[in-house]
Amino acid sequence: MNPKETSIVKVAIDVPIDDFFDYQCEENVAFGQAVLVPFGSRKVIGIVVEIDSSTELEAHQIKKIIRVDDDILLNEELFKLFKFVSSYYHYPIGQTIHIAVPSNLKKTEKVLNKKSYIYEATDLLNKSAIDQISARKKNLIEIAKVIFKEKQTDEALKMISINWKKYVKELITLNFVREREYQKTKIIQKTTVLKLNQEQSEIYEKIIAAQGFEAFLIYGITGSGKTEVYMHLIEQYVKNNGQVLILVPEINLTPQLEDRFTSRFSNYLVISLHSQLTQKKRLENWEQAKNGKAQIIIGTRLSVFTPFKNLRAIIMDEEQDLSFKQHDKLRYHARDVAMMRAKLLNIPFIAGSATPSIEIWQRSVNENKLLLHKLSERAVKDATLPKINLIKDETNKENEGISEYVISAIKHHLDLRQQILIFINRRGYAPVLFCSSCGWYANCSRCSSKLVVHRSKQHLRCHHCDYQREIDTSCKVCGNVDLMSLGSGTQKVEERISKLFSKALVRRVDRDTIKTKASLDALYQDMSDKKIDILVGTQMLSKGHDFPNLSLVVVLDSDNALYSSDFRASERLFSQLVQVAGRAGRGSIPGEVVIQTNFPEHPLYQSVKNQDYESFASEEISLRKELNFPPFCFQAVLRAESKNKKNVKDFINHLYSMAKQINTEDVEVFHPVQPFLDRLKGFERYQIYFHSKNRSSLNKFLNVLKVEIHANKHLNRIKWNLDVDPVDF
Ligand code: ADP
Ligand code: ZN
Ligand code: ZN
């Protein structure tokens, strides 16, 4: 073979410049191939996006490709998608293309893969051996004890101490513990395939008949059998080497869900893609999706950008979930990207939810862009929706925030030997440390927010920037030593409930107690083994899980959302309450839900009580229409921040007048405002909203604005970003 002549290729590089870069190449390269190139003073991995192209650069300006790798990181289909995404969300094309490529494929030096280990006790490790370890070495003893009890994985030990490696090493040196590599394998029982009921089969038939791209919304109450419908569909799609992507919210991707799919599809490779996988595992799964070996891929938002060999459908469960929207860098919404991808691939898109987002509901019911299907009953025989009671909050000092009604309901369900969930969507002990004599409260020095009292770690913590300090013993202003912890978080509720029901097994579940999927898994195990009577937890528990013995759900302190300035707050509260209520009564024992509120008559609570999403949604839609809010307009926000308030204010005002001068009738430019949290991590923040009736006018407008900002060099000292279709206020 003759050596190839030198040619010019265009390469996508992970840098904030909205263009590709030209390089000279003397080897054969293919579209999508990884290459090592010089970039400035660095060497970086780029992706070839055009071969034999021309260049405007002079010959001496063009650098040579250093190395051509075997990996193909991009295909034409994804390239089209990325071009759309980059221009729609106004994010540089190179960074967009690189977003979903596993980082270990992009190492400029080749590295060794990390392995997983398991630790088990030797014969030398026993009770008396442990007793001989100096009592001062608490962590060492704890680790020795757990390994003695049962062999442990590295992941599990990590949960005990961040210095676990040091302790394990010591135990290995003492010959108490041995280490070996392990492969994660599970024994999965095969499940029987359920016969779809009437409603389910009608939906199934409609969707399976789709030719090419069609969008569907399955609106089905909690427990109505949506997942079962997905599984029947998947069964058809995976025939003849087809692949299906199932997008799920961050916290729903539990080992339970994976197991449910794995056991149902034991003849196919089921994989998951999410941020908690090790780098090695993520790469392995990504490759298997790419080469078509994995046919069922369950993933969180980023997996919408995974390369596939033969994708036949995209399913999105809990479509309304906020975790589908990315909040930094490329601020995409996985639902909209998924729909675009399905369109490009000409395959069906299927969304499911018990409380669809207002946007999607509007697009389904009123615009017919998604075909709506309803599941109106619980699928398990005899399981019914729980009864929801709204109880006026008549709490006082004596009962400490938990009303008599709630206390007696808990007693009743404990007597029935059933499990109880108490939902309070706030971590920590109390949200405010307050001085009643002068009104001072402990606030974060870096954010415009109050510090939360944490009892378990005995400190104050900022939930926005994680700043921590000791709990003040006296008021910083007047010296009063009698400070009050106002309001309740999960820790305070846990403390009270344990006091009130001293015989019950109480477990708290929030981001402070559950840090990994493995610990969540252990929790489910304890629930099903009945090692827990009462769970006190945040929204972490509100979704997607079956606890067949859970018959009472109590909701405390959910009124905050009613006063929020965010126009989506009520939509979120509704969805959250329905989700959490849906945890009760999934088995054959009827469920009960008690919502303790100051406003039992509020229309939102009334529609929750009647479990009437449709009337809630139509109210919400007419309100949005009146106010001209999404989905009746397209929205974008430009956010800016700086440590110096004057600088960012000048910047935003300057931008505002620039934006006002851009000649467009279609886009409304709002006056700059500060967001709810006007200072975050030491940065002062401002933002400008843009509204338009027309998506492409808004896009064009933002392009013009971007060019002008970049042209004004002095403006670029301020950090700013654009968020298209923002979901947080
Ligand atoms: P959803 O996804 O809507 O919350 P699931 O698909 O998880 O609902 O189903 C809820 C429960 O009903 C599960 O225990 C499931 O096994 C059961 N189920 C679903 N469909 C059927 C059916 N056709 N016949 C019997 N049980 C069903
Ligand atoms: Zn004071
Ligand atoms: Zn802070």
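The structure contained in this document is the topic of the report that follows. (Residues numbered from 1 in each chain as written. Chains lettered and ligands numbered in written order. Predicted model: local features only at pLDDT ≥ 70, side-chain atom pairs only at ≥ 80, totals over all residues. Heavy atoms only, no water.)

### Considering the packing of aromatic side chains
Just so we agree on the cut-off: Geometry of aromatic contacts follows a simple scheme: Phe, Tyr and Trp rings, the Trp one being its six-membered ring, pair when their centres are within 6.5 Å, and the pair is stacked under 30 degrees between planes, edge-to-face over 60, tilted otherwise. The rule for a charge over a ring is simple: NZ of Lys or CZ of Arg within 6 Å of the ring centre, and within 35 degrees of the ring normal.
According to the stated counting rule, one finds 19 aromatic pairs in the structure shown. Members of the aromatic cluster, joined through ring pairs, are Y219, W361, F574, Y613 and F616. Over the face of the ring belonging to Y441 we find K450, whose NZ or CZ atom lies 4.8 Å from the ring centre.

### A few points about the nonpolar core
Burial of nonpolar side chains together is a common tendency in soluble globular proteins. What counts here: By nonpolar core we mean a set of buried residues, namely Ala, Val, Leu, Ile, Met, Phe, Trp, Tyr and Cys, connected to one another through side-chain atoms within 4.5 Å. Buried, partly exposed and exposed residues are distinguished by accessible area as a fraction of the type maximum, computed with a 1.4 Å probe on protein chains only: under 20%, between the cut-offs, and over 50%, respectively. Should any heavy atoms of two residues lie within 4.5 Å, those residues are counted as being in contact.
If you look at the biggest cluster of nonpolar residues, it comprises 117 residues, and the most contacted ones within it are I97, F305, F349, L638 and F690. Setting aside residues no more than four positions away along its own chain, F690 makes contact with F634, Q635, A636, L638, A659, V667, E668, V669, L698, F701, L702 and L705. Formed by 27 residues, the second largest nonpolar core is a distinct cluster that contains Y204, F261, I315 and I350.

### Side note on helix α13 (residues 404–415)
What counts is decided by this rule: Think of it this way: any DSSP run of H or I at least four residues long counts as a helix, any run of E at least two long counts as a strand, and we number them from the N terminus. Here the expected length of a helix is defined as 1.5 Å per residue gap, with one fewer gap than residues. Arc, as used here, means the arc of the directions from the helix axis to the C-beta atoms.
With 12 residues, α13 ought to run about 16 Å at 1.5 Å a step, and its terminal C-alpha atoms sit 16 Å apart, in line with that. What α13 keeps buried is the set V406, I407, A409, I410, H413 and L414. Around the axis of α13, the buried residues are gathered within 165° of arc, so they sit on the same side. With respect to the buried face of α13, the exposed residues turned more than 90 degrees away are E404 and D415. Buried residues belonging to α13 abut β18 (419–423), α14 (490–500), β25 (534–537), β26 (550–555) and β27 (592–597). Note on α13: the residue one or two positions beyond its end, R417, has a positive phi of about 60°.

### A word on the coordination of the zinc ion (ligand 2)
Cut-off, in case you're wondering: Here the coordinating atoms are restricted to nitrogen, oxygen and sulfur within 2.8 Å of the metal centre, or 3.2 Å for Na, K and Ca, and because water is not among them the sites may look incomplete. Square planar and octahedral assignments, for four and six donors respectively, both demand that opposite donors be over 155 degrees apart and that all other angles lie between 65 and 115; tetrahedral needs four donors with all angles between 85 and 135 degrees, and anything else is irregular.
Those donors, C435 (SG), C438 (SG), C475 (SG) and C478 (SG), are the protein atoms that reach the zinc ion (ligand 2), and they lie 2.2 to 2.4 Å from it. Relative to the metal, the four donor atoms surrounding the zinc ion (ligand 2) lie at angles of 103 to 115°, and the coordination shape comes out tetrahedral. The motif formed by the donor residues of the zinc ion (ligand 2), counted along the single chain, is C-x2-C-x36-C-x2-C. Residue C438 is located in the loop between β19 (432–434) and β20 (452–454), and its partner C475 is located in the loop between β22 (468–470) and β23 (484–486); the two are separated by 37 residues in the primary sequence.

### Some details on the pattern of salt bridges
To be explicit about the condition: Any carboxyl oxygen of Asp or Glu that lies within 4 Å of a side-chain nitrogen of Lys or Arg is treated as forming a salt bridge with it.
Under the counting rule described, the total for this entry stands at 35 salt bridges. R264 serves as the salt-bridge partner of E228, at 3.0 Å between the closest nitrogen and oxygen. Taken as a pair, E228 in helix α8 (residues 226–237) and R264 in helix α9 (residues 255–264) lie far apart in primary sequence, 36 residues in all. Here the two residues E228 and R264 agree in accessibility, since each one is buried. Members of the salt-bridge network, linked through shared partners, are E228, E235, R260 and R264.

### Considering the sheet that holds β27
Through backbone hydrogen bonds, the strands of a sheet pair up, either in parallel or in antiparallel fashion. As a reminder, the rule being used: Whether two strands pair depends on DSSP finding at least two bridges between them. To obtain each axis, a line is fitted to C-alpha atoms, and for helices this fit is confined to the stretch in contact; angles are then taken between N-to-C directions over 0 to 180 degrees.
With parallel pairing, the six strands of this open sheet are ordered in space as β17-β27-β26-β18-β25-β24. The open sheet has two edge strands, β17 (387–392) and β24 (506–509), and neither has a second partner. Each strand of the sheet is rotated relative to its neighbour by a mean of 20°, with strand direction disregarded. Taken together, the four bridges between β24 and β25 define a ladder with parallel strand orientation. Along β25, the bridge assignment pairs R507 with L535. Each of β18, β24, β25 and β26 is contacted by helix α15 (residues 517–528), which is oriented at about 155° to β24, the strand it contacts most.

### Things to note about the environment of Q674
Considering the arrangement of structural elements, one finds Q674 in the loop between β29 (667–669) and β30 (679–680). Given a relative accessible area of 26%, Q674 falls into the partly exposed group. Considering only alpha carbons, one finds Q674 and I621, 53 residues apart in sequence, at a separation of 26 Å. Once residues within four sequence positions are removed from consideration, Q674 is found in contact with K645, E684, R685 and Y686.

### Notes on the side chain of T597
Which entries qualify depends on this criterion: Identification of polar contacts relies on pairs of N or O atoms within 3.5 Å, with a donor-acceptor requirement for protein atoms, meaning one able to donate a hydrogen and the other able to accept it, and with residues adjacent in sequence counted only if both atoms are side-chain atoms.
If you trace the backbone, T597 turns up in strand β27. Among the polar contacts listed, one links the side chain of T597 to the backbone nitrogen of F599, at a separation of 2.8 Å.

### A word on the packing of helix α19 (residues 645–661) against helix α20 (residues 695–711)
Short version of the rule: Angles below 35 degrees are treated as roughly parallel, those above 145 as roughly antiparallel, those between 65 and 115 as roughly perpendicular, and all remaining angles as oblique. Crossing handedness: left-handed means the near helix sits turned counterclockwise from the far one by under a right angle, and right-handed means the same turn made clockwise. The residue classification treats Ala, Val, Leu, Ile, Met, Phe, Trp, Tyr, Cys and Pro as nonpolar and Asp, Glu, Lys and Arg as charged. All others, Gly included, are polar.
Interhelical geometry of α19 versus α20 gives an angle of 130° and a closest axis separation of 10 Å. Taken together, the axes of α19 and α20 are oblique relative to one another. For the pair α19 and α20, the sense of crossing is right-handed. In this structure, α19 uses L655, M658 and A659 to contact α20, whose residues at the interface are F701, L705, E708 and I709. The residue makeup of the contact of α19 with α20, split by class, is six nonpolar, no polar and one charged.

### Overview of the site of ligand 1
Test applied: Nearness of a residue to a molecule or strand requires only that one of the residue's heavy atoms be within 4 Å of it. The accessible surface values rely on the Shrake-Rupley method and a 1.4 Å probe; as for residues, cover is taken only from the protein chains in view.
Not every one of the 17 residues close to ligand 1 is listed here, only the nearest: K195, Q200, K226, T227 and R260. In the model, an oxygen atom of ligand 1 is placed 2.9 Å from a nitrogen or oxygen of the K226 main chain. Within the contact set of ligand 1, an oxygen atom lies 3.0 Å away from a side-chain nitrogen or oxygen of R260. Taken by itself ligand 1 offers 550 Å² of open surface, and the protein chains cover 79% of this. Taken together, the residues of the shell around ligand 1 break down into five nonpolar, six polar and six charged.

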